[in-house]
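Observations on chain architecture
As a plain string of letters, each chain reads:
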Amino acid sequence: GNAITINADYALKQVDPLLLNRAMNTFKRVSGQSIKVKHASRYKDETKGLSYWSFEDANEASEVKICAVTGKVLAVSTYGVDWNDDADFKKTFASPKYTASEALKLVKPKAQMLFNINLSGYNVKVQGNQYTFSKQQKGTDSIVAKVNKKGTFYAYSLHSSDGKM
């Protein structure tokens with residue numbers, strides 16, 4: 001069969017104000033700043049059974065993804081890149097910014113607030129600037145958080161156990 005993926009841009013006034021507010025609140029929760037949503041698009045991938053809204057700021061530097069079906073936040077990233085190039089990145093993140101327990105302590109409240117997931121009992125895996133929080137047990141979603149040079153977590157994403165996100 002044919003796989004269908006659709007990506008369509010919407011005028012903000014065409015978007016459910018509830019979703020728009022959720023996107024702006026999510027930006028605020030992560031960055032502590034008011035980030036205005038300027039772009040909205042809807043993404044649908046029938047093969048993967050994925051359907052979400054993407055909200056971005058004027059520079060497309062910050063993005064929130066919200067599930068079109070459940071209305072839940074799936075991912076958020078704010079502008080956090082503060083390294084100059086690949087070499088700087090490699091040097092900066094050659095050794096982890098945080099230990100597993102430090103990262104868990106920092107990310108736990110955000111995971112609860114953004115995804116309603118309690119990270120107690122989760123394992124932490126570090127690769128470069130990316131921290132993955134996951135559980136051994138089947139059917140448990142994992143969370144990925146990214147950190148910058150300053151040690152600020154600027155991006156969070158939910159990865160469902162069924163591989164849909």
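The sections below set out a description of the structure shown in this document. Because the structure is a prediction, the values reported are computed rather than measured.

Right, let's talk about helix H1 (residues 17–31) for a bit. Along its 15 residues, H1 runs 21 Å from first to last C-alpha, staying within 8% of the 21 Å computed at 1.5 Å per residue. Among all positions of H1, only Leu 19, Leu 20, Ala 23, Thr 26, Phe 27 and Val 30 are buried. What you see down the axis of H1 is that its buried residues fit within an arc of 125°, all on one side. For H1, the exposed residues set more than 90 degrees away from the buried face come down to Pro 17 and Leu 18.

A positive phi angle, near 55°, is found at Glu 60, a position not held by glycine. Note that Glu 60 resides in the loop between strand E3 (50–56) and strand E4 (63–67). In this structure, Asn 116 takes a positive phi of about 60° despite not being glycine. Its location among the elements puts Asn 116 in the loop between helix H3 (100–115) and strand E6 (123–127).

Structurally, Pro 96 is set in the loop between helix H2 (86–92) and H3. Along the primary structure Pro 96 and Tyr 131 are separated by 35 residues, whereas in three dimensions their C-alpha atoms are 9.3 Å apart. Beyond its immediate stretch of four places on either side in the chain, Pro 96 contacts Val 126 and Tyr 131.

Here strand E9 (residues 153–159) lies mainly inside the structure; six of its seven residues are buried. By the bridge criterion, three bridges tie strand E5 (residues 73–77) to E9 in an arrangement that is antiparallel. Paired with Val 76 across the two strands is Tyr 156, which belongs to E9. In this structure, strand E8 (residues 142–147) lies alongside E9, joined through six bridges in antiparallel fashion. Residue pairing for E9: Ser 142 is matched across the bridge by His 159. Between E8 and E9, which pair antiparallel and follow one another directly, the connecting turn spans five residues, one of which, Gly 151, has a positive phi of 90°.

For the pair H1 and H3, interaxial distance at closest approach is 11 Å and the crossing angle is 175°. On the basis of their axis angle, the class for H1 and H3 is roughly antiparallel. Across the interface between the two elements, Thr 26, Arg 29 and Val 30 from H1 touch Lys 110, Met 113 and Leu 114 from H3. Classifying every residue of the contact of H1 with H3 gives three nonpolar, one polar and two charged.

Parameters at a glance
Residues numbered from 1 in each chain as written. Predicted model: local features only at pLDDT ≥ 70, side-chain atom pairs only at ≥ 80, totals over all residues. Heavy atoms only, no water. Helix = DSSP H or I, 4+ residues; strand = E, 2+ residues; numbered from the N terminus. Expected span 1.5 Å × (residues − 1). Buried < 20%, exposed > 50% of the residue type's maximum accessible area, 1.4 Å probe, protein only. Arc of directions from axis to C-beta. Contact = heavy atoms within 4.5 Å. Pairing = 2+ DSSP bridges. Axes fitted to C-alpha atoms, helices over the stretch in contact; angles between N-to-C directions. Parallel < 35°, antiparallel > 145°, perpendicular 65-115°, else oblique. Nonpolar A, V, L, I, M, F, W, Y, C, P; charged D, E, K, R; others polar.

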